[in-house]
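Residues per chain, in single letters:
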Number of protein chains: 2
Amino acid sequence: MSSNLYIGLVHHPVYDRRREVVTTAVTNFDIHDISRCARTFGLGGFFIITPLESQVELVERIISHWRDGEGAAYNPTRKESLSLVRVSRSIDEADQEISRLHQRRPKRVATGASPHPDSIGYDELRGLLKDEETPFFLLFGTGWGLTQEVKDSSDYVLAPVEGKGYNHLSVRSAVAIILDRLLGDRINSSE
Amino acid sequence: MSSNLYIGLVHHPVYDRRREVVTTAVTNFDIHDISRCARTFGLGGFFIITPLESQVELVERIISHWRDGEGAAYNPTRKESLSLVRVSRSIDEADQEISRLHQRRPKRVATGASPHPDSIGYDELRGLLKDEETPFFLLFGTGWGLTQEVKDSSDYVLAPVEGKGYNHLSVRSAVAIILDRLLGDRINSSE
C-alpha cells in the first residue's frame with residue numbers, strides 16, 4: 001500500500017555539534033528500531049547512507065547475521081524487518097535505486113528539528129503519498145542533522161515535531177513519530 | 001501542562017519469548033531515547049522499574065554522569081531530559097511516589113502489542129488526560145511485554161499501535177508514537 005515511501009538515514013553529509021560537515025558512525029539500534037518502524041508502516045525500503053566502506057561492511061554483516069545466519073531462526077521478526085534495509089554510499093545512489101524500481105525520480109523530503117519557512121505539514125504530505133505512482137524519499141539526518149545543502153536540494157522540507165520548548169528527540173524517535181503521522185492508522189487511533 | 005502523565009518502563013514483571021516471567025536488563029538507549037520523548041511531550045516523570053540493585057545502581061550512575069558529571073557540560077539537552085528520570089524497585093513503589101506528589105492515586109494504563117477486548121483508544125485517553133487533577137501512569141513492558149497480571153491490575157489497557165500485519169516495534173518506538181498520539185501538537189501536524 002505505502003510502498004511508494006522510502007526512508008534514508010543519512011550519515012553523510014550531516015552536521016556535528018559545531019555545524020561542521022562530518023560522517024557519523026552507524027548505530028546498531030538505529031538499524032533495528034528504524035527497520036521495525038519501516039516494516040510496521042509498510043514502507044518500500046529503508047536506506048542506510050554512508051560513504052565509508054568499513055561502515056557499509058558492518059551494516060551488511062549485521063543484516064546477514066539476522067537475515068541468513070543464526071539470528072534468523074532466533075528472531076524471525078527481526079529477519080522480516082531487516083529485509084527492507086539497503087545500504088547506499090550516497091543519497092544520490094539511493095535515489096537512483098528508487099528511480100530504477102519506480103521508473104520515476106522520487107520526490108525528496110528532508111526532515112529536521114528546526115522550523116523552516118516553506119515547510120510542508122503532515123496532513124499535506126499524507127495526502128501527497130496517496131498518489132502511489134510517485135515515489136517519495138524521506139531523509140533523516142544523524143548527528144546534528146541534515147546539511148543546508150541537502151535541504152536545499154530537496155523537493156520538500158517537512159515541519160519539525162514540535163515539543164514543549166525542547167526539540168532534541170533521538171532520530172529513532174523522530175522516525176517513529178513521523179511515520180505514524182504520515183501513515184498511521186487513523187481509524188484505530190480514534191476507536 | 002501535561003505533568004499529570006507519568007510513564008514507567010517495566011523490567012519486571014515481564015514475559016520472555018517463552019512467556020515466562022523474567023527480569024530484563026536495563027538498556028542504555030531506552031533511558032536516553034525515552035527521557036528525550038518524556039521531555040519533548042512535557043511529562044511529569046519517567047520511572048525505570050527494576051528490582052535488581054545492580055541495575056538500580058547502573059541507572060543512577062548513568063544519570064549522574066549526564067546530570068552532574070562531565071556529561072552535563074558536554075550535552076546539556078541530555079541533562080535536561082534525564083532530570084525527569086526516576087528509578088523504582090517496583091510498579092507499586094513508583095505508583096506511591098506519584099500518589100505522594102499528587103495526593104491522589106494515579107490511574108494505571110497498561111500498553112502492549114496485542115489487541116485487548118476492553119482497550120481504550122487514543123482519542124479517549126487524550127480526553128481523560130485533560131483532567132489535570134488526576135495523575136496517569138502509563139506502563140510499557142520490555143522483553144516480550146507486560147504480564148497479564150499487570151494488565152489485570154490496571155485501570156485501562158491502551159489499544160495497540162496497529163501495523164500492516166506486523167506488531168514488533170521496539171519499546172522505544174512504541175513510547176514515541178504513543179506519546180505523540182496522546183500529547184502531540186495536533187495543530188502543528190495539520191498546518
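About the thresholds
- Residues numbered from 1 in each chain as written.
- Chains lettered and ligands numbered in written order.
- Predicted model: local features only at pLDDT ≥ 70, side-chain atom pairs only at ≥ 80, totals over all residues.
- Heavy atoms only, no water.
- Least-squares fit on C-alpha atoms with pLDDT ≥ 70 in both.
- Contact = heavy atoms within 4.5 Å.
- Phe/Tyr/Trp six-rings, centres within 6.5 Å; stacked < 30°, edge-to-face > 60°.
- Helix = DSSP H or I, 4+ residues; strand = E, 2+ residues; numbered from the N terminus.
- Buried < 20%, exposed > 50% of the residue type's maximum accessible area, 1.4 Å probe, protein only.
- Lys NZ or Arg CZ within 6 Å of the ring centre and 35° of its normal.
- Buried area = accessible area lost by both parts, 1.4 Å probe.
- Salt bridge = Lys/Arg side-chain N within 4 Å of Asp/Glu carboxyl O.
- Nonpolar A, V, L, I, M, F, W, Y, C, P; charged D, E, K, R; others polar.

Below, the discussion takes up the relation of the copies chain B and chain A. When chain B is fitted to chain A, the residual RMSD is 0.0 Å, and the transformation amounts to a turn of 180 degrees plus an axial shift of 0.0 Å. Expressed as an axis order, the relation between the two copies is that of a two-fold axis. It is B:Ile177 whose C-alpha, among those of chain B, lies nearest the rotation axis, at 2.5 Å. The residues that chain B uses at the interface reappear at the interface of chain A in 100% of cases, marking a shared surface.

On to the packing of aromatic side chains, then. Inspection of the entire model under this criterion finds 5 aromatic pairs over all chains. Each ring, one from A:Phe29 and one from B:Phe29, has its centre 4.0 Å from the other, and the planes form 15 degrees; the classification is stacked. Of the two residues, A:Phe29 sits in helix H1 (residues 28-40) while B:Phe29 sits in helix H1 (residues 28-40), which places them in two different chains. When its relative accessible area of 25% is taken as the criterion, B:Phe29 is described as partly exposed. Plain terms: the ring middles of B:Phe47 and B:Phe137 are 5.7 Å apart, the flat faces sit at 75 degrees to each other, and that makes the pair edge-to-face. With B:Phe47 in strand S4 (residues 45-49) and B:Phe137 in strand S7 (residues 136-141), this residue pair connects regions lying 90 residues apart in the sequence. Linked through ring pairs, A:Tyr6, A:Phe47 and A:Phe137 together constitute an aromatic cluster. One Lys or Arg, B:Arg17, reaches over the ring of A:Tyr74 and ends 4.2 Å from the middle of that ring. When the ring centre of B:Tyr122 is taken as reference, the NZ or CZ atom of B:Arg181 above it lies at 4.7 Å.

Turning next to the interface of chain B and chain A. Contacts between chain B and chain A engage 43 residues on the former and 43 residues on the latter. Interface area for chain B against chain A, summed over the two sides, is near 3,900 Å², with a carbon-plus-sulfur share of 52%. Applying the counting criterion to the chain B and chain A interface returns 4 salt bridges. For the side of chain B that touches chain A, the secondary structure elements donating two or more residues are H1, helix H4 (76-82), helix H6 (122-128), helix H8 (171-183) and helix H9 (186-189) of chain B. Counting residues per element, the side of chain B that touches chain A draws most heavily on H8(B), which supplies 7 residues. Here the side of chain B that touches chain A is built from residues that sort into 12 nonpolar, 17 polar and 14 charged.

With that settled, consider unusual backbone geometry. Cis geometry marks the peptide bond from A:His12 to A:Pro13, where omega comes out at -5 degrees. Along the chain, the position of A:Pro13 falls in the loop between strand S1 (5-10) and strand S2 (14-15). Here the phi dihedral of B:Arg19 falls at roughly 65 degrees; this positive angle occurs in a residue that is not glycine. The residue B:Arg19 is located in the loop between strand S2 (14-15) and strand S3 (21-22) in this model. In the Ramachandran plot, B:Gln103 falls in the positive-phi region, its phi being about 55 degrees despite a non-glycine side chain. Looking at the element boundaries, B:Gln103 is found in the loop between helix H5 (91-102) and strand S6 (107-110).

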